[in-house]
Amino acid sequence: MAKQAKTNNLERILHNQGFGSRKLCRIMIINEEITVNGELCDDPSAVFELDNLHFTVQGEAWDYKEKSYLMMHKPSNYECSHKTQHHPTIYSLLPHPLVERGVQCIGRLDEDTTGLILISDDGQFIHKMSSPKHKVPKVYEVTCKHPISDEQIDHILKGVQLIDEDAPIAALDCTRLSETVIHMTLAEGKYHQVKRMVAAISNRVEGLKRIQIGELKLPEDLAVGEWRWLSENDMMALSSKNT
Ligand code: URA
């Protein structure tokens, strides 16, 4: 049997996509503030197929997304929380409708850490990417205060004992880029893990940037503070066999 196309009415579509209460969405539609697939629509109950639906809200273009999957280049001095304490939230860098949809970041970065962070409103995806069972590897570029010796790298690869952990934790990989900069790959996402592991080898983290999650690299052209939708290739990189 042919698969039936999913449909919904315009008022519900806008509401589900994060554009406010059903009442507010109805008012915007009646006020002729919405176009769908290139044409003005002032009927809140008009029904549309959801696949490949393009619409504009007050002149801004949107594509219909059943679920949101994004990446962001997190800046320093932003917190990965909806209720922040000392700094602005990374969610303030996203368009309001996405925040309304209840997107969450997948694992948190410290306020002074920069780099790649994933954001979604798909609970299953969030669980898969953050569950310790799946051990999605993450690569960090770590700038240390003191030069890093071969012995220190060996120690990180063999495993360091962290306070409150039962067994030593080893990096999956650790490569020196310069006297004080290393790339460290971790399978876990424990609290302050990179900083604590570097402290355990008697060094200190001066700068921390996440540059890769699974096979997905932070794109060079994604500027600090910017976000973008994950493409199909990005999603494949996140679910690749090595991940
Ligand atoms: N490890 C840390 O210490 N901080 C981060 O933000 C991420 C990993």
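Now for a look at the structure at hand. (Residues numbered from 1 in each chain as written. Predicted model: local features only at pLDDT ≥ 70, side-chain atom pairs only at ≥ 80, totals over all residues. Heavy atoms only, no water.)

**Let's talk about the pattern of salt bridges**
Now for step 1: Applying the stated criterion to the full structure yields 10 salt bridges.
Now for step 2: Between Glu165 and Lys190 there is a salt bridge, with the nearest N and O atoms lying 3.6 Å from each other. Within this pair, whereas Glu165 is found in the loop between helix H5 (150-158) and strand E11 (173-176), its partner Lys190 is found in the loop between strand E12 (181-186) and helix H6 (193-200), the two being separated by 25 residues in sequence.
Now for step 3: Residues joined in a network through salt bridges with shared partners are Glu11, Arg22 and Arg26. (Salt bridge = Lys/Arg side-chain N within 4 Å of Asp/Glu carboxyl O. Helix = DSSP H or I, 4+ residues; strand = E, 2+ residues; numbered from the N terminus.)

**Thoughts on the packing of aromatic side chains**
Now for step 1: For the structure shown, the criterion picks out four aromatic pairs.
Now for step 2: Measuring from ring centre to ring centre gives 5.8 Å for Phe19 and Phe55, while their planes differ by 80 degrees; the resulting arrangement is edge-to-face. In this pair, Phe19 is assigned in the loop between helix H1 (10-16) and helix H2 (22-30) and Phe55 in strand E5 (residues 54-57), connecting sequence segments 36 residues apart.
Now for step 3: Taking the relative accessible area as the measure of exposure, Phe19 reaches 10% and is therefore buried.
Now for step 4: The exposure class of Phe55 is buried, given its relative accessible area of 2%. (Phe/Tyr/Trp six-rings, centres within 6.5 Å; stacked < 30°, edge-to-face > 60°. Buried < 20%, exposed > 50% of the residue type's maximum accessible area, 1.4 Å probe, protein only.)

**Comments concerning H6**
Residues that lie three or four places apart on an α-helix share one face, since the helix turns once every 3.6 residues.
Now for step 1: Among all positions in H6, only Gln193, Val194, Met197 and Val198 are buried. Angular distribution of buried residues about the axis of H6 spans 125 degrees; they occupy a single face of the element.
Now for step 2: Residues of H6 that are buried make contact with strand E10 (138-144), H5, E12 and strand E13 (205-213). (Arc of directions from axis to C-beta. Contact = heavy atoms within 4.5 Å.)

**A look at the nonpolar core**
Now for step 1: Ile90, Ile119, Val142, Ile182, Met184, Val194 and Met197 are the most contacted members of the largest nonpolar core, which has 32 residues in total.
Now for step 2: Of all the secondary structure elements, the ones that give two or more residues to this core are strand E7 (69-74), strand E9 (114-120), E10, H5, E12, H6 and E13.
Now for step 3: Aside from chain neighbours lying at most four places away, what touches Met197 is Ile156, Val160, Leu162, Ile169, Ala170, Ala171 and Leu186.
Now for step 4: Counting 18 residues, the second-largest nonpolar core is a separate cluster that includes Leu10, Met28, Phe48 and Val57. (Core = buried A, V, L, I, M, F, W, Y, C linked by side-chain atoms within 4.5 Å.)

**Some details on the site of the ligand**
Now for step 1: Around the ligand sit Leu109, Asp110, Thr113, Tyr140, His192, Gln193, Val194, Lys195 and Leu208, and those are all the residues in its vicinity.
Now for step 2: Taking Asp110, its side chain carries an N or O atom lying 2.7 Å from a nitrogen atom of the ligand.
Now for step 3: His192 is positioned such that a nitrogen or oxygen atom in its backbone is 3.3 Å from an oxygen atom of the ligand.
Now for step 4: For the ligand, whose accessible area on its own is 240 Å², the fraction buried by protein is 95%. (Near = heavy atom within 4 Å. Polar contact = N/O pair within 3.5 Å; in protein donor to acceptor, adjacent residues only side chain to side chain. Areas by Shrake-Rupley, 256 points an atom, 1.4 Å probe, with all protein chains shown as cover.)

Honestly, that's just the spatial picture; any functional story needs more than this.
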